[in-house]
Amino acid sequence: MVIPPLRRKVWRDIRRLWGQALAIALVLGAGVATMILGNGAYGALSDTRARYYADHRFADIFADLTRAPLGLLEDIATLDGVLQAEARIVKLARPEIPGLAEPAALLLVSLPESGGLNRLYLREGRLPAPDAANEALVSQDFARVHRLRSGARMTVVMNGKRQDLEITGIALSPEFIYALGPGEMMPDPRRFGVAWLSRPALQAAYDLDGAFSNVVLRLAPGTPPARVIQSLDRLTLPYGGGGATGRDEQTSHAFLDAELGQLRAMVRVLPPVFLLVAAMLVHMTLSRLIALEREQIGLLKALGYGPTRIAAHYLEFVLAIALAGVVAGLAAGTWLGAGLAQLYARFFSFPFLDFGRDPQVYGLAAIVALVAAAGGALQSLRAVIALPPAIAMAPPAPPDYRKTASVAERLLPLRQTGRMVLRHLLRWPLRSVTSIFGVAMAVAILVASLWSFGSIERMIHVTFGLAEGADARITFATATPAAAVLDLRHLPGVMAAEPFRVLPARLSHGTRSKRLAIEGRSPTARLSRLLSPALRPMPVPEHGLILSEALAAALGVGRGDRVEVAFLQGRRAVVDLPVSGISLGYVGLGAAMDLDTLNRANGEGDLVSGANVALDAAETDAFLAAADAAPAIGFVTLTDLTVARFRATLAENITLMITVYVGLAAIIAVGVVYSFFRVSLSEQGRDLASLRVLGFTRAEVARIVMAELAAIVLLAQPLGWLLGHLIGRAMVAAFSSDLYRVPFVMGREVYATASLTVIAAALVSALAIRGRIDRLDLIAVLKTRE
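Residues numbered from 1 in each chain as written. Predicted model: local features only at pLDDT ≥ 70, side-chain atom pairs only at ≥ 80, totals over all residues. Heavy atoms only, no water.

### A short note on empty space enclosed by the protein
So, step 1. Within the structure shown, the criterion is met by 4 cavities of 30 Å³ or more.
So, step 2. In this structure, the largest cavity occupies an estimated 100 Å³ of space.
So, step 3. Of all the elements in the fold, those that place two or more residues in the lining of the largest cavity are helix H7 (251-292), helix H14 (429-467) and helix H20 (698-735).
So, step 4. Structurally, the lining of the largest cavity is a two-domain feature, drawing no fewer than three residues from each of domain 1 (1-58 + 254-396) and domain 3 (415-469 + 639-786).
So, step 5. Approximately 60 Å³ is the volume found for the second largest cavity.
So, step 6. What lines the second largest cavity is simply Ile24, Leu28, Val282, Thr285, Leu286, Phe317, Val318, Ile321, Ala322 and Ala373.
So, step 7. Mapped onto the lining of the second largest cavity, the elements with two or more residues apiece are helix H2 (18-55), H7 and helix H9 (307-347).
So, step 8. The leading source of residues in the lining of the second largest cavity is H9, at 4 residues.
So, step 9. Looking at the lining of the second largest cavity residue by residue, the classes come out as 9 nonpolar, 1 polar and no charged. (1 Å grid on protein atoms, 1.4 Å probe; cavity = no way out; pocket = protein on both sides within 12 Å on 5 of 7 lines; lining within 4 Å. Points joined across faces, edges and corners; volume = space filled by probe spheres on them. Helix = DSSP H or I, 4+ residues; strand = E, 2+ residues; numbered from the N terminus. Domains from an automatic or database assignment. Nonpolar A, V, L, I, M, F, W, Y, C, P; charged D, E, K, R; others polar.)

Now the structure itself:
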C-alpha cells in the first residue's frame with residue numbers, strides 16, 4: 001500500500017514536534033477524562049439507583065405512626081393513585097456490642113411481605129423464618145464493621161427487654177443506601193445499623209398485635225405525591241401520624257440527589273476549561289508550524305495541490321494529535337471512573353455499582369474533543385487557504401519592533417533584556433494573552449478546589465465550636481415529661497443538662513413550603529446556641545421563630561414576615577408565627593423557638609425530646625455505661641465522635657478529588673509552558689544564536705527565554721485567582737442543598753498554594769527544556785533564505 005506524500009509528512013511533523021503534540025494530547029485527554037469521569041460517575045449512580053429502586057420496589061411515600069390497627073391499611077390502599085400499600089413495624093432498639101463503649105442504635109424493621117415494597121437484597125445467608133422470634137437479618141455495613149456473619153448471635157434491648165437474636169444473613173435495602181443514625185451528620189456503621197425481623201417477633205416485643213407503626217406506599221405513574229400525602233395524613237392523624245413524606249424527602253434518597261447534583265456541577269465546569277486550553281494550544285502550535293512551512297506550502301500550491309487539500313493536510317495533523325488525546329482520555333477516564341465507583345460503593349450501600357461505559361457518553365466526549373481541536377485550527381487553516389504561492393515562497397518580512405519598542409520604553413525603564421522580552425510579548429499579543437489565560441486556568445482549577453479545606457474547617461468551627469458546645473446530645477426513645485432532664489443531671493459525669501424538644505412541622509409562606517423539625521430551646525440554654533450571620537449569639541424569642549438562612553431563602557421570607565406552621569404530631573395545631581430573626585446554619589434547614597411556647601402551641605404539655613449535656617471528661621466512660629443502661633434513652637450522640645467521623649469521611653473524598661485536580665492543573669501548566677517555549681524558541685532561534693556568536697553564554701541566552709516564560713506565568717497569577725474565585729463561588733452554589741450548605745472561605749493560603757504549585761510545574765517544564773537552548777545549532781539557525 002502506497003502512503004500519500006502528505007500523509008507521510010503528517011507523521012514526520014508529529015515526530016519532529018512530539019513535545020508540543022504530547023502537550024496538546026495530554027490537555028485534550030484531561031478534558032475527555034473529566035467528561036468520562038463526571039458523566040460516567042453520574043450515570044453509574046443514577047442508573048444503579050433507578051435499577052435498584054425498580055427491582056426492589058422502593059416506595060414512593062413513607063409515614064410513621066404511633067399505633068394503628070391493620071384494618072386502616074384497607075382504607076389507605078383505596079386512596080386515589082395508590083398501587084400498593086404495606087404496613088410495617090419500625091422501632092429503634094439498642095444493641096449490646098462487646099468492646100463498644102458508646103451506646104449504639106439498631107433500627108428494627110419488619111420483613112417485607114412477599115412481593116412487597118422495599119424488598120431486601122440478600123448478600124449472604126437466609127431470611128428469618130416467618131414465625132421466628134429470635135432471628136434477624138442485619139445491614140451489610142453494620143455487619144462488616146462488627147464482623148458479624150450468618151450464625152452469629154447478638155443481644156438487643158427491645159422495648160426495655162433484652163433479647164438474644166441469631167443472625168441468619170446479611171442484607172441491603174433501597175431504603176437505607178445512605179443510613180444515618182438519629183442526630184448524626186455522617187453514616188457511622190459502628191454505632192448505627194438496621195435489622196429486619198419477622199412481624200410476629202416485633203409485634204410481641206412492642207405490643208403491636210394487629211397493629212402497625214409505619215406504612216409505605218407505591219403510587220401509579222404520574223400521580224402527584226402531594227395529593228396522596230394530604231389524604232394519608234388525614235387518615236393517620238387519629239393514630240399519631242407524624243406526617244407522611246415523599247421520596248424526595250426520604251433521607252437516603254435526598255443525600256443521593258445531593259451527590260448527583262455535585263457531579264452535574266463538575267461536568268459543567270471542568271471539561272470546558274480543558275477543551276478551551278487545548279484549542280488555544282492547537283492554534284499556537286499550528287500557526288507557528290504554518291509560519292515555518294510557508295515555502296513548502298507555496299511549493300505544494302505551485303505543484304498543483306489545491307488550497308483545500310493543503311488545509312486538509314494540516315487538519316489531519318491536528319486530528320491525529322487530538323485522536324491520541326481522545327484515546328488517552330477515554331482510557332484515563334475509564335480507569336478513574338472505576339476507582340470513583342469503588343469509592344461510592346464504600347460510601348453508599350448498593351448491592352452493585354458498575355461504572356457505566358455508555359457508548360453515547362464516550363462518543364460525545366470524543367466528538368466534542370475533536371471539534372475543539374479543529375476549532376483551534378480554524379484560523380490557521382484559513383491562513384493556509386488564503387496564502388498565494390508567490391508570497392509563500394518569499395522570505396517573511398522581519399518583525400517590526402518599532403511600535404512595541406516605543407511602548408516598552410514608555411511603560412518601564414527596562415534594561416536591554418527586559419525590553420527584548422516585552423517587545424516579543426507585545427509583538428504577538430494574541431498568543432501572549434492565550435498563554436497567560438492557559439496558565440491562569442491551571443491556577444483557577446487549584447483555587448477552585450483548594451478552598452474546600454478552609455470551608456470544611458469553618459463549617460466544623462462554627463457548628464461544633466461556636467454553636468454547639470455540648471459534649472453529648474441525648475435523645476429519648478419517646479417524648480418525655482421535662483422532669484426526666486433532672487434524672488439526666490444525676491448520671492455520672494453530667495455537669496449540666498439543657499432540654500430541647502423536636503417537633504416535625506410544615507412551614508409555609510405563600511406558595512412555598514418546607515417540611516422540617518422545629519427545635520424548642522430553653523431561653524437560658526448555653527450548651528447549644530443560635531448564631532447570627534455575624535457569629536453573635538442570638539437570644540431565643542418568647543414568641544416567634546428563628547429561621548436559618550437557607551430556610552428563609554427557601555421560603556422567601558425575612559425578619560418581620562409571618563409563616564404558617566402546621567405541626568405534624570400531637571394535636572396537629574396550625575399557627576401563624578412571626579419570623580423574629582435569621583440565624584447562620586450549615587447543616588439542614590433549621591427553625592427554632594422557645595421551648596415552652598412550642599409545647600403550648602402544640603398543646604401536648606411540658607414535654608422534651610432530649611437534652612444537651614456537658615460532661616466531665618474523666619467520667620465519660622461511666623456516663624456512657626449509665627446511659628446505655630437507661631431504658632428511656634434512645635440514642636446518644638457524642639460531639640467528638642461526630643466531628644471525627646465528619647473529618648474522616650470528607651478527608652477521604654476530598655483528598656482524592658484534590659489529587660485529581662492538582663494533576664490536571666499540572667498538565668495544563670506544563671502543556672502551556674512547554675508549547676509557549678517551543679514556539680518562542682523557534683521564532684527567536686536566529687536572534688539567540690546571534691547572541692551566542694557575539695559572546696553571550698548559554699546561561700545568558702537561556703535567561704532571555706526564561707524571563708519571557710516567567711512574565712507569562714507571573715502575569716497569569718492574578719487572573720487565575722479571579723477565575724478560581726468565580727468558579728469556587730459557582731461550585732458553592734451548585735453544591736448547596738436543603739441537606740447542607742458549604743461556606744465559601746477563600747484564604748490567602750489558597751491563592752499561595754495554587755500559585756506555588758503552578759509555578760513549580762512551570763519550573764519543571766522549563767528546566768526540562770533548557771537543554772534545547774544549550775543545543776542550538778548555530779550554523780543551521782543562522783542560515784538565511786535567499
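### A look at the packing of H2 against H9
So, step 1. Running from amino to carboxyl end, H2 crosses H9 at an angle of 35°, the nearest separation of the two axes being 6 Å. Here H2 runs over H9; the crossing is right-handed.
So, step 2. Among the residues making up the contact of H2 with H9, the classes are represented as 18 nonpolar, 6 polar and no charged. (Axes fitted to C-alpha atoms, helices over the stretch in contact; angles between N-to-C directions. Left-handed = near helix turned anticlockwise from the far one by under 90°.)

### Some details on a nonpolar patch on the surface
So, step 1. A surface patch of nonpolar side chains, amounting to about 310 Å² of accessible area, comprises Trp18, Leu22 and Leu26.
So, step 2. Assignment of secondary structure puts Leu26 in helix H2.
So, step 3. When its relative accessible area of 41% is taken as the criterion, Leu26 is described as partly exposed. (Patch = residues over 30% accessible without salt bridge, like charges linked within 9 Å, V, L, I, M, F, W, Y side chains within 5 Å. Areas by Shrake-Rupley, 256 points an atom, 1.4 Å probe, with all protein chains shown as cover. Salt bridge = Lys/Arg side-chain N within 4 Å of Asp/Glu carboxyl O. Buried < 20%, exposed > 50% of the residue type's maximum accessible area, 1.4 Å probe, protein only.)

### Topic: the packing of aromatic side chains
Any aromatic ring pair is given by two values, namely how distant the centres are and how the planes are angled relative to each other.
So, step 1. Enumeration over the complete set of coordinates arrives at 10 aromatic pairs.
So, step 2. Relative to Phe62, the ring of Phe58 lies with its centre 5.5 Å away and its plane at 50°, an arrangement referred to as tilted.
So, step 3. Exposure remark for Phe58: the relative accessible area of 2% places this residue in the buried category.
So, step 4. Note on Phe62: relative accessible area 8%, which makes it buried.
So, step 5. Taken together, the aromatic side chains of Tyr52, Tyr178, Phe255, Phe348, Phe350 and Phe352 make up a single cluster linked through ring pairs.
So, step 6. For the cation-ring pair, Arg51 lies above Phe352, with the distance from its terminal atom to the ring centre recorded as 4.2 Å.
So, step 7. Above the plane of the ring of Phe500 lies Arg473, whose end atom (NZ or CZ) is 3.7 Å from the centre. (Phe/Tyr/Trp six-rings, centres within 6.5 Å; stacked < 30°, edge-to-face > 60°. Lys NZ or Arg CZ within 6 Å of the ring centre and 35° of its normal.)

### Considerations on the nonpolar core
So, step 1. Of all hydrophobic cores here, the largest spans 142 residues; its most connected members are Leu45 and Phe348.
So, step 2. Every residue in contact with Leu45, bar those within four places of it in the chain, is listed here: Leu256, Glu259, Leu260, Leu263, Tyr344, Phe348, Phe350 and Leu353.
So, step 3. Residues Leu106, Leu108, Phe142 and Ile167 belong to the second largest nonpolar core, which totals 26 residues. (Core = buried A, V, L, I, M, F, W, Y, C linked by side-chain atoms within 4.5 Å. Contact = heavy atoms within 4.5 Å.)

### Side note on H2
So, step 1. The terminal C-alpha atoms of H2, which comprises 38 residues, lie 51 Å apart, in line with the 56 Å expected from a rise of 1.5 Å per residue.
So, step 2. The buried fraction of H2 amounts to 28 of the 38 residues, a majority that puts the element mostly inside the structure.
So, step 3. In the segment just after H2, Arg57 is the residue with positive phi, at about 50°. (Expected span 1.5 Å × (residues − 1).)

### Concerning the sheet that holds strand S10 (residues 211-219)
So, step 1. With respect to topology, 4 strands assemble into an open sheet ordered S2-S10-S1-S11, the strand pairing being antiparallel. Two strands close off the open sheet at either side, each with one partner strand: strand S2 (82-88) and strand S11 (245-246).
So, step 2. For S2 and S10, the ladder comprises 6 bridges, and the chain directions are antiparallel. For Ala87, the partnering residue across the bridge sits in S10 and is Val215.
So, step 3. Across the sheet, helix H6 (residues 225-236) is in contact with strand S1 (61-69), S2, S10 and S11; its angle to S1 comes to roughly 10°. (Pairing = 2+ DSSP bridges.)

### Focus on the domain arrangement of the protein chain
So, step 1. In terms of domains, the protein chain is made up of domain 1 (1-58 + 254-396), domain 2 (59-253), domain 3 (415-469 + 639-786) and domain 4 (494-615).
So, step 2. Computed over C-alpha atoms only, the centres of domain 1 and domain 2 are separated by 49 Å.
So, step 3. Each partner contributes to the interface: domain 1 provides 16 residues, whereas domain 2 provides 27 residues.
So, step 4. A buried area of about 2,100 Å², summed over both sides, lies between domain 1 and domain 2, and 56% of it is on carbon and sulfur atoms.
So, step 5. Taken together, domain 1 and domain 2 are joined by 0 salt bridges.
So, step 6. Counting the contacts that link domain 1 with domain 2 gives 20 residue pairs in polar contact (both at pLDDT 80 or more).
So, step 7. Mapped by element, the contributors of at least two residues to the side of domain 1 that touches domain 2 are H2 and H7.
So, step 8. The residue makeup of the side of domain 1 that touches domain 2, split by class, is 10 nonpolar, 2 polar and 4 charged. (Buried area = accessible area lost by both parts, 1.4 Å probe. Polar contact = N/O pair within 3.5 Å; in protein donor to acceptor, adjacent residues only side chain to side chain.)

### Quick notes on the pattern of salt bridges
So, step 1. Under the counting rule described, the total for this entry stands at 15 salt bridges.
So, step 2. Where Glu519 meets Arg521, a salt bridge forms, and the shortest distance between an N and an O atom there is 3.8 Å.
So, step 3. Take Arg521: its relative accessible area is 9%, and that puts it in the buried class.
So, step 4. If you follow the salt bridges from partner to partner, you end up with Glu468, Arg473, Glu519 and Arg521 in one network.

### Topic: the pairing of strand S18 (residues 562-567)
So, step 1. Both strand S13 (residues 494-509) and S18 contribute to a ladder of 4 bridges, which runs antiparallel. Across the sheet, Arg506 pairs through a bridge with Ala566, a residue of S18.
So, step 2. Bridging between S18 and strand S19 (residues 574-583) involves 5 bridges; their strand directions are antiparallel. Along S19, the bridge assignment pairs Val563 with Leu577.
So, step 3. Where S18 folds back on S19, the antiparallel hairpin that results is connected by 6 residues, among which Gly570 adopts a positive phi of roughly 70°.

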